[in-house]
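Commentary on secondary and tertiary structure
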Amino acid sequence: GAVVSQHPSWVICKSGTSVKIECRSLDFQATTMFWYRQFPKQSLMLMATSNEGSKATYEQGVEKDKFLINHASLTLSTLTVTSAHPEDSSFYICSARSRLGDSPLHFGNGTRLTVT
Amino acid sequence: QQQVKQSPQSLIVQKGGISIINCAYENTAFDYFPWYQQFPGKGPALLIAIRPDVSEKKEGRFTISFNKSAKQFSLHIMDSQPGDSATYFCAAKVGSGTYKYIFGTGTRLKVLA
């Protein structure tokens, strides 16, 4: 159980275009999902906390207009990288935790974004 | 105070040996301490976790030791195998209704065959 599915696993886009990444909790409901960014050989940097039915909470330094987060249901959150630039190329990972009980955080398999 | 300090940055262990990774924290509000294993190109996978009211937890070859007074916790991998070669992250959770996970900087483990 506790599977988090992230799609796509990799994407290449041209500079100036937008890319949407989906994160789904397959077998549990998640009122909260988290979006992380990871640079090569570095730790996970929390970008924002996605709350079902309300606005996302962004970490300091993360542009909310650049990284649009929508959490429309208890099983789906999306991250849209708008007007992507080469410096946005990175590994983006979502995670979710069941709303039931005191359960751990589970991660998707990440999305490798390359902006050309 | 929101940091979790992890060491070493990298670790090389012989097959069959014990791998030990350490983490330390300052914030006493942290209430849950998981360890994650990450292979290249994949998301982190939960390995084992502990609460601060427990001093040790063992699952198979993986053991967490927790020292609440010293604000330190460590992961021990017994009988390390080449398949254990990965990056390991410790983490700490703070908050309940509104919560957040803080991650350590990661340890790249290589187990030699």
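Before any of the text, the structure's been laid out above.
The following paragraphs examine the structure supplied in this document. It should be emphasised that the depicted structure is a prediction, and the values quoted were computed from it without experimental measurement.

This part takes up the state of the cysteines. Residue and element names in this part refer to chain A. Across all of its chains, the model carries two disulfides over all chains by this definition. Note on cysteine connectivity: Cys23 is disulfide-linked to Cys94, with sulfurs 2.0 Å apart. Taking the sign of the torsion about the S-S bond as the criterion, the disulfide between Cys23 and Cys94, at about 80 degrees, is right-handed. Highlighted residues: Cys23 in strand β3 (residues 19-25) and Cys94 in strand β9 (residues 90-97), separated in sequence by 71 residues. With a relative accessible area of 0%, Cys94 lands in the buried category. Cys13 carries a free sulfur, and the closest cysteine sulfur to it, the one in Cys94, is 18 Å from it.

This paragraph deals with the environment of B:Gln14. Residue and element names in this part refer to chain B. Inspection of the secondary structure puts Gln14 in strand β2 (residues 10-14). For Gln14 and Ala70, which are 56 residues apart along the polypeptide, the C-alpha to C-alpha distance reads 29 Å. Sequence-distant contacts of Gln14, defined by excluding residues within four places in its chain, comprise Ser80, Val111 and Leu112.

Residues and elements named next belong to chain A. Taken together, the four strands give an open sheet; going across it, the order is β1-β3-β8-β7, and neighbouring strands pair in antiparallel fashion. The open sheet has two edge strands with one neighbour each: β1 (4-7) and β7 (67-73). Going across the sheet, the axis of each strand differs from the next one's by a mean of 15 degrees, ignoring polarity. Bridging between β7 and strand β8 (residues 76-81) involves five bridges; their strand directions are antiparallel. Opposite Ser73, over in β8, you have Leu76 as the bridge partner.

On to the sheet that holds strand β7 (residues 62-67) of chain B, then. Residue and element names in this part refer to chain B. Here five strands make up an open sheet; going across it, the order is β1-β3-β8-β7-β6 and the pairing antiparallel. Because the sheet does not close on itself, it has two edges, and the strands there are β1 (4-7) and β6 (56-59). On average, each strand axis in the sheet is inclined to that of its neighbour by 15 degrees, with strand direction left out of account. Of the pairings in the sheet, the one linking β1 to strand β3 (residues 19-25) comprises four bridges and is antiparallel in character.

Residue and element names in this part refer to chain B. Note that Val94 resides in strand β9 (residues 86-94). Assessed through its relative accessible area of 15%, Val94 is described here as buried. Separated by 11 residues in sequence, Val94 and Thr105 place their C-alpha atoms 17 Å apart.

Under the counting rule described, the total for this entry stands at 18 aromatic pairs over all chains. Seen in terms of ring centroids, A:Phe107 and B:Phe103 are 5.8 Å apart; in terms of plane orientation they differ by 70 degrees. Their pairing is edge-to-face. A residue pair is termed interchain when its members come from two chains, as with A:Phe107 in strand β10 (residues 105-107) and B:Phe103 in strand β10 (residues 100-103). On the basis of relative accessibility, which here comes to 9%, the residue A:Phe107 falls in the buried class. Ring geometry for B:Tyr25 against B:Phe33: centres 4.9 Å apart, planes inclined by 40 degrees, an arrangement best described as tilted. Considered together, B:Tyr25 and B:Phe33 belong to a single accessibility category, that of buried residues. Site record: aromatic cluster; members linked through ring pairs are B:Tyr25, B:Phe30, B:Phe33, B:Trp35, B:Phe66 and B:Phe73. When the ring centre of B:Tyr99 is taken as origin, the NZ or CZ atom of A:Arg97, which lies over that ring, is 4.5 Å away.

Parameters and conventions
Residues numbered from 1 in each chain as written. Chains lettered and ligands numbered in written order. Predicted model: local features only at pLDDT ≥ 70, side-chain atom pairs only at ≥ 80, totals over all residues. Heavy atoms only, no water. Disulfide = S-S within 2.5 Å. Helix = DSSP H or I, 4+ residues; strand = E, 2+ residues; numbered from the N terminus. Buried < 20%, exposed > 50% of the residue type's maximum accessible area, 1.4 Å probe, protein only. Contact = heavy atoms within 4.5 Å. Pairing = 2+ DSSP bridges. Axes fitted to C-alpha atoms, helices over the stretch in contact; angles between N-to-C directions. Phe/Tyr/Trp six-rings, centres within 6.5 Å; stacked < 30°, edge-to-face > 60°. Lys NZ or Arg CZ within 6 Å of the ring centre and 35° of its normal.

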